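Architecture at a glance
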Amino acid sequence: MSCASKKYVSLMNKVLDQEATEQEKQVLFEHLATCDECRVHFNELNDSTELLRRLTHPQLPAAFTKSVLDHLPPDKRNVIRKWGSRHPVLTTVAICALPMSLVVIGARRQTRDRSGYALVKVSGDQT
Ligand SMILES: [Zn+2]
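Residues numbered from 1 in each chain as written. Predicted model: local features only at pLDDT ≥ 70, side-chain atom pairs only at ≥ 80, totals over all residues.

Attention now goes to the nonpolar core. Across soluble globular proteins, you tend to see nonpolar side chains buried next to one another. In terms of nonpolar packing, the biggest core is built from 7 residues, these being Tyr8, Leu11, Met12, Val15, Leu28, Leu32 and Phe42. Sorting the residues of this core by element identifies α1 (7–16) and α2 (22–34) as the ones contributing at least two each. Among residues more than four places away in sequence, those in contact with Val15 are Ala20, Lys25 and Leu28. (Core = buried A, V, L, I, M, F, W, Y, C linked by C-beta atoms within 7 Å. Buried ≥ 20, exposed ≤ 12 C-beta atoms within 10 Å, placed from the backbone. Helix = DSSP H or I, 4+ residues; strand = E, 2+ residues; numbered from the N terminus. Contact = placed C-beta atoms within 7 Å.)

Below you can see the structure in the form of structure tokens.
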């Protein structure tokens, strides 16, 4: 069984971009209920859309910076605070880099799980 219709692929993109009307959503979901091929494709698109969303808007707790700083030894804390107040943009980038790299590693693991590759444990401390 093969689904040749490109119509549903563009509908999937519309739904995931939240640009589809209720009627278009209904058409798509009715088709997904009967078509395995499109359902798998839709799930993959959905996963990568979700991943992109997380990458562009990493969800950091409000107290994230403070809790990172609190875990550092006091002498380093002061150095980092001073450096951070002089380079606020770089500090933000550095703080975002850690959770973003974890998201990327997590996504790679998921992909490996699904395609049957061995799961590689990422070791080492993350600080
Ligand atoms: Zn289909």
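Text resumes after the structure shown.
Here the focus is the packing of α1 against helix α3 (residues 36–56). At a minimum axis separation of 10 Å, α1 and α3 run at an interaxial angle of 35°. Relative to α3, the crossing made by α1 is right-handed. Between α1, through Tyr8, Met12 and Leu16, and α3, the contact on the second element is made entirely by Cys38, Phe42, Leu45, Asn46 and Thr49. (Axes fitted to C-alpha atoms, helices over the stretch in contact; angles between N-to-C directions. Left-handed = near helix turned anticlockwise from the far one by under 90°.)

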